[in-house]
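# Report on the structure
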Amino acid sequence: FMLLTKKLIEVRNVLNSIDHNDTLKLPSIVVIGSQSSGKSSVLEAIVGHEFLPKGSNMVTRRPIELTLIHTPHSKEEYGEFPSLGLGKVHDFKRIQETLKDLNMAVPESECVSSKPIELRIYSPNVPDLTMIDLPGYIQITSKNQPISLKEKISELCEKYIQEPNIILAVCAADVDLANSEALRSSRKVDPLGLRTIGVITKMDLVEPERGVAILRNQDYPLHLGYIGVVCRAPGGSSKENITQAVIKTEDAHFRSSYQYSQRGVFVGTGTLRRKLMDILEENMGSNLGSIIKAVQKELDETRYQFKVEYNDQKMSAESYVAESVDKLKHRFKDFSRAFGKPQVRLEIRHMLEQRMLDICAQRYWSDPRINELPQLDSSSTAEEDRLYWDLQLDLASSALTKSGVGRQTTQRVVDILSRTMEQLAEAEPFNHHPDAANTIKAMTHEILSSRSQATADQVENTIKPFKYEVECTDGEWTEGVKRAIALVQTELEMCEDALSKIKTTVGTKKLRKAINFVIESDREEARRAQRREAVAKLRESNPRQYLEDQARASRDSHSSESTEPHGEHSQDDDTQAQEDNRSVPEDEDELEAAMRPHFNPKLLVKAREALSLRDRALVLKYRLSALKSKTCKNAKNKTQCPEAFLAVVAEKLAYTSVMFIQVELMNEFVFQLPRMIDSRLGVKTGQEAMEKFAKENPLVGKHLELMEKRTKLEEVWEKLNYLVRRQEEAKARKW
Ligand code: GDP
């Protein structure tokens, strides 16, 4: 029977969930009344539970859009705040607290807010109704309420009591109706009282004669009439439904006086409920035509927009998620194809060769005896020298094999994989999805960290034999020589590049001068050191001679510098003594110092750098010709060709490491990652997660919204048309 209201409430909820223009409004019952008129009590009697926040300090600051949904086949009673996502709230005390919090969140300075709170109540005991509870009118402005509060409340109410809404004007029986703010306001927008219903509360506070007179109000007759109620909550457990208790009390009250049983006098919450349902149903029915028109218009506009903006292309959160995940997996696949065994080997070998170059620089190229190395073979070479260079090679080789190859090579690959995944996670479309991007990084980390220790250990184990002995075939040797030449060549080029860069920044002439100065002062320093050493030796081996020398030096200096006091000299420290010991007269030394050109310390640093680059380049050139010489063609001469031998070792380490890294790490990663992506980011994550994901991308979000709007409007349109058909059928039957 009340199908229309029920269906239209569904329609209303659908319309509320989409962004539509304001003309698309379904009629609702708007409840207005002065503070303490008993407004809350009436609403609670209808709902059957105390759920509205109470208190003296302006507890209703926002409109509450209350939708009652009759659920005849379920005993469950609960509320829902669609915009809060709290789910079903079965405890009405909790609903009350939530409403209170929402109201109190409106700052005191704003007093009231026009942003409605949406609340739906599902129960077998409620009728299908939509009601809007508004802040109560206030009579006097109290000291701590701003002056404008009264106006603000009036404005808010006025906005809501416009057509097509039905006005429920609540007035207390013990207050003169002429003073009712609710009736005064409703009269402004509905002067004939065509859509206003008066509810007179607190009927127990007036005598029956007076009560009936109020209900028959002749001064301001309402088309929909007045209904008297006694809605004081009976108290008791908050779990029980109070509607029946209220009705029982009312029955007792109204039956006790014959006046209330007269025709045309309406009393009781039960009557009120029925009346509200009828009015809403009728109102909705008469509005159906215009509602359909408005929906049709909105639907047309949405369809047009969809065509223009998206060329009617369908989009869903699911398809977007699937597409994004596919993109990611494809890119990963492309990467893993491009980063196969050969590329990994290249990386690892490069890393090991850098290490090898470091070792060569340290152990060979800075050895002052390095130029002896090519002559090592000649018969004149002492056994001692041979041993020295053999040992060098052993040390260099084990420096390479024992440098933590397992950990380092594994880490290198881990780094490359992590970096790549990071790039994929930050690229379109995941740049819109920070959570998903983090998930990608976390998955990468998870897989890699679960494998890296085992991989490093494995690699370390398999290269273990090379720590003791590295054998190589002639072929391997030839390859090693080739690579060593290439590496040394590059090293040489880098050296020369760096040198010429210094030359251009400093200037060739200036640099040459600075270099000469550095060389000269180094020589000078060396001379002094030598002298110091000689003195120290003398003092140690022949203290007497030393003292005699000292004394002579002191005498000499006295004859030339008689101004200096005698005593002080004997107390002079060693340095002074050494200085005095030089053959060069002191004044001459000072003179030289004064003539010394002054160089910027930074320039001197550059000069030293250039000097060492020059020396290094020279050594490298030597080494290159050694490596290209006949000696290095033969693997037996590995001692003379350490670079070639180490290149062979590096290659062997790389080859072996990569084999295991591939098996233990790469293959695992390539196998596990796509599966993880599917389960943590894909369509398996569920509808809600997918929607959230899709909406993070603003373009997709807009597209989806419009799609959703179109779908919902179509659904609404279907529903409305069904209702119209039924209405017409009913009319036809009546005829
Ligand atoms: P609101 O401020 O308009 O929401 O009014 P309330 O529903 O909170 O009621 C204000 C006061 O009037 C409360 O103390 C209620 O107990 C009391 N009240 C409400 N309805 C009745 C009634 O029918 N009879 C009597 N005697 N008191 C009532």
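See above for the structure.
Residues numbered from 1 in each chain as written. Predicted model: local features only at pLDDT ≥ 70, side-chain atom pairs only at ≥ 80, totals over all residues. Heavy atoms only, no water.

Before going further, it helps to spend a moment on the overall build of the protein. From N to C terminus, the protein includes 23 helices and nine strands. At a minimum sequence separation of 6, the contacts of the protein that also span at least 24 residues come to 81%. Entry remark: accessible area of the protein is about 40,000 Å², with carbon and sulfur atoms responsible for 51%. (Helix = DSSP H or I, 4+ residues; strand = E, 2+ residues; numbered from the N terminus. Contact = heavy atoms within 4.5 Å. Areas by Shrake-Rupley, 256 points an atom, 1.4 Å probe, with all protein chains shown as cover.)

In the vicinity of the ligand lie 14 residues, with Ser36, Lys39, Ser40, Ser41 and Asp204 positioned nearest. Note that an oxygen atom of the ligand is positioned 2.4 Å from one of the side-chain N or O atoms of serine 40. A distance of 2.9 Å separates an oxygen atom of the ligand from a polar atom in the backbone of cysteine 231. Relative to its unbound accessible area of 570 Å², the ligand is 75% covered by the protein chains. (Near = heavy atom within 4 Å. Polar contact = N/O pair within 3.5 Å; in protein donor to acceptor, adjacent residues only side chain to side chain.)

Turning our eyes to something else, we now look at the pattern of salt bridges. In this structure the tally under the stated criterion is 40 salt bridges. A salt bridge links arginine 120 to glutamate 118, with the shortest nitrogen-to-oxygen separation between them at 3.3 Å. Since its relative accessible area comes to 22%, glutamate 118 is described here as partly exposed. When the shortest N-O distance is used, the salt bridge between glutamate 353 and arginine 483 registers 3.2 Å. Of the two residues, glutamate 353 sits in helix 10 (residues 341–365) while arginine 483 sits in helix 14 (residues 474–506), which places them 130 residues apart along the sequence. In this structure, glutamate 353 and arginine 483 share a single accessibility class: buried. Each member of the salt-bridge network shares a partner with another, and the members are Arg303, Lys307, Asp312, Arg710 and Glu714. (Salt bridge = Lys/Arg side-chain N within 4 Å of Asp/Glu carboxyl O. Buried < 20%, exposed > 50% of the residue type's maximum accessible area, 1.4 Å probe, protein only.)

Counting 96 residues, the largest nonpolar core has Trp365, Val413 and Leu681 as the members making the most contacts within it. The greatest single-element share of this core, amounting to 18 residues, is contributed by helix 21 (residues 642–681). The contact partners of tryptophan 365, leaving out residues within four places of it in the chain, are Leu357, Cys360, Val488, Glu491, Arg616, Val619, Leu620, Arg623 and Glu643. Listed in part, the 56 residues of the second largest apolar core include Leu66, Ile197, Ile291 and Leu299. (Core = buried A, V, L, I, M, F, W, Y, C linked by side-chain atoms within 4.5 Å.)

Spatially, the nine strands line up as an open sheet ordered 3-4-2-5-1-6-7-8-9, and their pairing is mixed. The sheet terminates laterally at strand 3 (78–80) and strand 9 (266–267), the two strands that pair on one side only. As defined by bridge partners, strand 2 (residues 64–70) adjoins strand 5 (residues 129–133) across five bridges and the pair is classed as antiparallel. Each residue of the ladder has a partner; that of leucine 68, found in strand 5, is leucine 129. (Pairing = 2+ DSSP bridges.)

This part takes up the state of the cysteines. By the definition in use, this model includes one disulfide. The partner cysteine of cysteine 632 in its disulfide is cysteine 641, sulfur to sulfur 2.0 Å. With the S-S dihedral at roughly -105°, the linkage between cysteine 632 and cysteine 641 falls on the left-handed side. Residues cysteine 632 and cysteine 641 agree in their burial class; the two are buried. (Disulfide = S-S within 2.5 Å.)

The subject of this paragraph is unusual backbone geometry. Of note, the bond from glutamate 163 into proline 164 is cis; its omega dihedral lies within 30 degrees of zero at 0°. Position of proline 164 relative to the elements: it lies in the loop between helix 4 (149–160) and strand 6 (166–172). Backbone torsion omega between glutamate 428 and proline 429 reads 0°, so that peptide bond is classified as cis. Structurally, proline 429 is set in the loop between helix 12 (405–426) and helix 13 (434–462).

Attention shifts here to the environment of alanine 635. Mapped onto the elements, alanine 635 comes out in the loop between helix 20 (601–628) and helix 21. Given the relative accessible area of 18%, alanine 635 is considered buried. Remark: the alpha-carbon pair of alanine 635 and threonine 473, spanning 162 residues in sequence, is separated by 8.1 Å. With residues up to four places along the chain from it excluded, the contact list for alanine 635 reads Asp474 and Trp477.

Judged by how many residues are buried, strand 7 (residues 196–201) sits mostly within the fold: six of six residues are covered. With six bridges joining them, strand 6 and strand 7 adopt parallel strand pairing. The residue of strand 7 that forms the bridge with cysteine 171 is isoleucine 200. Note: strand 7 against strand 8 (residues 226–228), three bridges, orientation parallel. By the bridge assignment for strand 8, isoleucine 200 is matched with glycine 228. Handedness of the β-α-β unit built from strand 7, helix 6 (residues 208–215) and strand 8 comes out right-handed. (Right-handed = clockwise from strand over helix to strand, strands pointing away.)

A few words on the environment of glutamate 668. Topologically, glutamate 668 is positioned in helix 21. You can call glutamate 668 partly exposed: its relative accessible area is 25%. Sequence separation between glutamate 668 and arginine 451 is 217 residues; the distance between their C-alpha atoms is 8.2 Å.

Glancing now at the environment of histidine 432. Within the secondary structure, histidine 432 is located in the loop between helix 12 and helix 13. Once the C-alpha coordinates of histidine 432 and proline 698 are considered, the two residues, 266 residues apart in sequence, prove to be 8.1 Å apart. Contacts of histidine 432, omitting those with residues within four sequence positions, involve Glu696, Asn697 and Pro698.

This paragraph deals with the packing of aromatic side chains. According to the stated counting rule, one finds 10 aromatic pairs in the structure shown. Measuring from ring centre to ring centre gives 4.8 Å for phenylalanine 254 and tyrosine 260, while their planes differ by 80°; the resulting arrangement is edge-to-face. Looking at phenylalanine 254, the relative accessible area reads 6%, which means it is buried. Judged by its relative accessible area of 4%, tyrosine 260 falls in the buried class. Ring geometry for phenylalanine 306 and tyrosine 310: centres 6.0 Å apart, planes at 45°, overall tilted. One end of the pair, phenylalanine 306, and the other, tyrosine 310, are both in helix 8 (residues 269–310), four residues apart, so they sit about a helical turn from each other. Among the residues examined, phenylalanine 306 registers a relative accessible area of 0% and is labelled buried. Three or more aromatic residues link up through ring pairs in this structure, and these residues are Phe332, Phe335, Phe339 and Phe669. Its end group placed over the ring of tyrosine 220, arginine 187 keeps NZ or CZ at 3.9 Å from the ring centre. Above the face of the phenylalanine 266 ring, lysine 275 is positioned so that its terminal group lies 4.1 Å from the ring centre. (Phe/Tyr/Trp six-rings, centres within 6.5 Å; stacked < 30°, edge-to-face > 60°. Lys NZ or Arg CZ within 6 Å of the ring centre and 35° of its normal.)

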